[in-house]
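Given next are the chains, with one letter for each unit.
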Amino acid sequence: MTDAPLPRRRASRQVWLDAAYDLFVAEGIEAVKIMPLAKRLNLTRTGFYWHFKDLSELHDAIVDIWLTRNTGIVLERCAAPAQSLCAGLLNLIDCWIDDDLFDAPLDLAIRNWARSDIRLQLLVDQSDRDRLAAVKGLFERFGKTGDTAHYRALTVILTQTGYYSMRVSEPRLQRAIAGCHYAEIFAGEAPTRAETEAFLSRHR
């Protein structure tokens, strides 16, 4: 009597989503298709439909990750308690040093995708407005107003966007030391020694 063949495993929704994320960040949205994902996971195509109605729903799930992980963390960090403007800026700069907080490759991939998707571009534009408003709000909490708050906030956002668009790579501690200098430039005042030491200790 021969043994019955083992049933093929059914992957969780998260397994499919993680594989889609990896393909998306590495190769763009054009690569995120059901059959390539199934082949990569050694699963059947029909298994996909246990978790997603269609490919568009999977694409939407990738966008949801981006909104939560990237836009959400910027808003959260800007609203975090801080004793000074520099301390608040260093809270924000944390998420551009720690990959577990802000996913720069995902942000870049989403922006590239949005160039060919009007609906997504509208969402990206709104996200950018929300991020800018949050950073501007941080400056306003500490007495900066009007154009001063707006353009300082815009400088913060564009500095970080430039970093990942140019794919700047440097050791984590070196990036953190640079972050202290950026905080001073953005705020117009230097972080205290205690603020600097607390910030650098988070990235050693």
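Structure report, in brief. Computed from a predicted model, the values in this text were never measured in an experiment.

Description of the overall build of the protein
And step 1. For the protein, the count of helices and strands is 10 helices and 0 strands.
And step 2. Ordering the α and β elements of the protein from the N terminus gives α-α-α-α-α-α-α-α-α-α.
And step 3. Whereas a compact globule of 204 residues would reach a radius of gyration of roughly 17 Å, the protein reaches 21 Å, over 25% beyond that.
And step 4. The C-alpha extent of the protein, read off along each of the three principal axes, is 80 × 40 × 30 Å.
And step 5. When each of the 204 residues of the protein is scored for burial, the buried share is 44%.
And step 6. Partitioning the intrachain contacts of the protein with sequence separation of at least 6 by distance along the chain shows that 64% fall at a separation of at least 24.
And step 7. Put simply, the protein shows about 11,600 Å² of open surface, and 54% of that area lies on carbon and sulfur atoms.
And step 8. Averaging the coordinates of the 26 positive side-chain charges in the protein and doing the same for the 27 negative ones gives two points 3 Å apart.

Notes on the pattern of salt bridges
And step 1. The tally for this structure, following the rule as stated, stands at 10 salt bridges.
And step 2. The shortest N-O distance in the salt bridge between R77 and D94 comes to 3.0 Å. Of this pair, R77 sits in helix α4 (residues 55-79) while D94 sits in helix α5 (residues 85-94), placing them 17 residues apart in sequence.
And step 3. Looking at D94, the relative accessible area reads 3%, which means it is buried.
And step 4. Between R131 and D107 there is a salt bridge, and its shortest N-O distance comes to 2.8 Å. With R131 in helix α7 (residues 118-141) and D107 in helix α6 (residues 104-114), this pair connects stretches of sequence that are 24 residues apart. In this structure, R131 and D107 share a single accessibility class: buried.
And step 5. The network of salt bridges with shared partners includes D107, R111, D128 and R131.

Concerning the side chain of H59
And step 1. By the secondary structure assignment, H59 is in helix α4.
And step 2. H59 gets classed as buried once you look at its relative accessible area, which sits at 16%.
And step 3. Here H59 is in contact with I29, V32 and W113, once residues within four sequence places are set aside.

A closer look at the packing of aromatic side chains
Where two aromatic rings form a pair, the distance of their centres and the angle of their planes describe that pair.
And step 1. Counted by the stated rule, this structure contains 8 aromatic pairs.
And step 2. Where F24 meets W113, the ring centres are 5.5 Å apart and the plane angle is 70 degrees; that geometry is what we call edge-to-face. Residue F24 is located in helix α1 (residues 13-27), and its partner W113 is located in helix α6; the two are separated by 89 residues in the primary sequence.
And step 3. A residue is classified by how much of its surface remains accessible, and F24, at 1% relative accessible area, is buried.
And step 4. Residue W113 is classed as buried on the basis of its relative accessible area of 9%.
And step 5. Aromatic side chains W96 and F102 sit 6.3 Å apart centroid to centroid with 90 degrees between the ring planes, which places their arrangement in the edge-to-face category.
And step 6. For W96, a relative accessible area of 11% corresponds to the buried category.
And step 7. Grouping aromatic residues by their ring pairs yields a cluster made of W16, F48, Y49 and F52.
And step 8. Taking NZ or CZ as reference, R69 lies 5.6 Å from the ring centre of Y21, over its face.

Reading the values: the criteria
Each chain carries its own residue numbering, running from 1 in the written order of its sequence. Per-residue local features of the predicted model are confined to residues with pLDDT of at least 70, and side-chain atom pairs are confined, for both listing and counting, to 80 or more; whole-chain, interface and lining totals are unaffected and use all residues. The basis for every side-chain value is the complete set of heavy atoms in the structure, and neither hydrogens nor water enter the calculation. Secondary structure follows DSSP: runs of H or I at least 4 residues long count as helices, runs of E at least 2 residues long count as strands, and numbering of each begins at the N terminus. For the radius of gyration, the atom set is restricted to C-alpha positions; the globular benchmark scales as 2.2 Å times the number of residues to the power 0.38. Only protein chains enter the accessibility calculation, which uses a 1.4 Å probe. A residue is then buried if its area is under 20% of the maximum for its type, exposed if over 50%, and partly exposed in between. The contact rule is simple, with two residues in contact once any of their heavy atoms fall within 4.5 Å. Note on areas: these come from Shrake-Rupley sampling with a 1.4 Å probe, and a residue is covered only by the protein chains present in the view. Working convention for charge: Lys and Arg count positive, Asp and Glu count negative, and His plus the chain ends are omitted. For charged residues, the charge sits on one atom: NZ in Lys, CZ in Arg, CG in Asp, CD in Glu. Salt bridges are identified by distance alone: a Lys or Arg side-chain nitrogen within 4 Å of an Asp or Glu carboxyl oxygen. What counts as a ring pair is set by centres within 6.5 Å for rings of Phe, Tyr and Trp (its six-membered ring), and what kind of pair is set by the plane angle: stacked under 30 degrees, edge-to-face over 60, tilted for all other angles. For a ring to carry a charge above it, either NZ of a lysine or CZ of an arginine must fall within 6 Å of the ring centroid while also lying within 35 degrees of the normal to the ring plane.

All we've got here are geometric facts, nothing functional implied.
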